[in-house]
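# Topology and contacts: notes
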Amino acid sequence: MTKSELFERISKKKIHISNKIIRHAIKEILEHMTISLEKGRRIEIRGFGTFSLHYRSSRLGRNPKTGKTIQLNAKNIPYFKPGKQLRNRTNTYK
């Protein structure tokens, strides 16, 4: 689902809220989540899941085109762990 698809779904259900407010709310939520991760904070949304950063240390990698060995720098990777409710709902989907 893209951000615009999320906006469309919410705006269809919440006809008493203006589209401008919905668009702004989605933008603000995502921005605050990004800022929190940027600062190294963990984000927990009960029933949905947890966003956090996982540290990946520096290592040797390989360029897939040339096969040449290259040094990859250490970095933090955004990580999402689904909550129990989300796992259960997606596992019952057929």
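About the criteria used
- Residues numbered from 1 in each chain as written.
- Predicted model: local features only at pLDDT ≥ 70, side-chain atom pairs only at ≥ 80, totals over all residues.
- Heavy atoms only, no water.
- UniProt positions renumbered as here; feature names shortened; annotations may be inferred.
- Pairing = 2+ DSSP bridges.
- Helix = DSSP H or I, 4+ residues; strand = E, 2+ residues; numbered from the N terminus.
- Axes fitted to C-alpha atoms, helices over the stretch in contact; angles between N-to-C directions.
- Patch = residues over 30% accessible without salt bridge, like charges linked within 9 Å, V, L, I, M, F, W, Y side chains within 5 Å.
- Areas by Shrake-Rupley, 256 points an atom, 1.4 Å probe, with all protein chains shown as cover.
- Salt bridge = Lys/Arg side-chain N within 4 Å of Asp/Glu carboxyl O.
- Buried < 20%, exposed > 50% of the residue type's maximum accessible area, 1.4 Å probe, protein only.
- Phe/Tyr/Trp six-rings, centres within 6.5 Å; stacked < 30°, edge-to-face > 60°.
- Lys NZ or Arg CZ within 6 Å of the ring centre and 35° of its normal.

If you look the protein chain up in an unreviewed UniProt entry, it shows as Integration host factor subunit beta from Buchnera aphidicola subsp. Diuraphis noxia. Under the UniProt heading Sequence similarities (unreviewed entry), the note attached to the protein chain is "Belongs to the bacterial histone-like protein family." Check the Function (unreviewed entry) section of the UniProt entry for the protein chain; it says "This protein is one of the two subunits of integration host factor, a specific DNA-binding protein that functions in genetic recombination as well as in transcriptional and translational control."

### Considering the sheet that holds strand β1 (residues 43-45)
The strand order across the open sheet built from three strands is β1-β2-β5, with neighbouring strands paired in antiparallel fashion. Both outer strands of the open sheet, β1 and β5 (75-82), are each paired with one neighbouring strand and no more. Recorded for the sheet is a direction-independent mean angle of 25° between the axes of neighbouring strands. Pairing of strand β2 (residues 49-56) with β5, which is carried by eight bridges, proceeds in the antiparallel orientation. Within the sheet, the bridge partner assigned to Tyr55 lies in β5 and is Asn76.

### Points about a nonpolar patch on the surface
Together, Met1, Leu6 and Ile10 line one region of the surface with nonpolar side chains, adding up to about 260 Å² of accessible area. Relative to the helices and strands, Ile10 is located in helix α1 (residues 3-13). We classify Ile10 as partly exposed; its relative accessible area is 30%.

### Some words on the pairing of strand β3 (residues 59-62)
Across four bridges, β3 lies against strand β4 (residues 69-72) in antiparallel orientation. Of the residues in β4, the one forming a bridge with Leu60 is Gln71.

### Describing the environment of Lys20
Here Lys20 shows up in helix α2 (residues 19-38). Classification of Lys20 as exposed rests on a relative accessible area of 71%. Between the C-alpha atom of Lys20 and that of Leu60, which follows or precedes it by 40 residues, the distance is 48 Å.

### Quick notes on the packing of aromatic side chains
Each aromatic ring pair is summarised here by two numbers: the centre-to-centre distance and the angle between the ring planes. Under the counting rule described, the total for this entry stands at two aromatic pairs. The interplanar angle of 45° and the centroid separation of 5.4 Å between the aromatic rings of Phe48 and Phe80 together place this pair among those described as tilted. Of the two residues, Phe48 is situated in the loop between β1 and β2 and Phe80 in strand β5; the sequence distance between them amounts to 32 residues. The partly exposed category is assigned to Phe48, whose relative accessible area is 37%. Ring centres 4.8 Å apart and planes at 45° place the aromatic pair Phe51 and Phe80 in the tilted group. With Phe51 in strand β2 and Phe80 in strand β5, this residue pair connects regions lying 29 residues apart in the sequence. We note Arg23 situated over the ring of Phe7; from NZ or CZ to the ring centre the distance is 3.9 Å.

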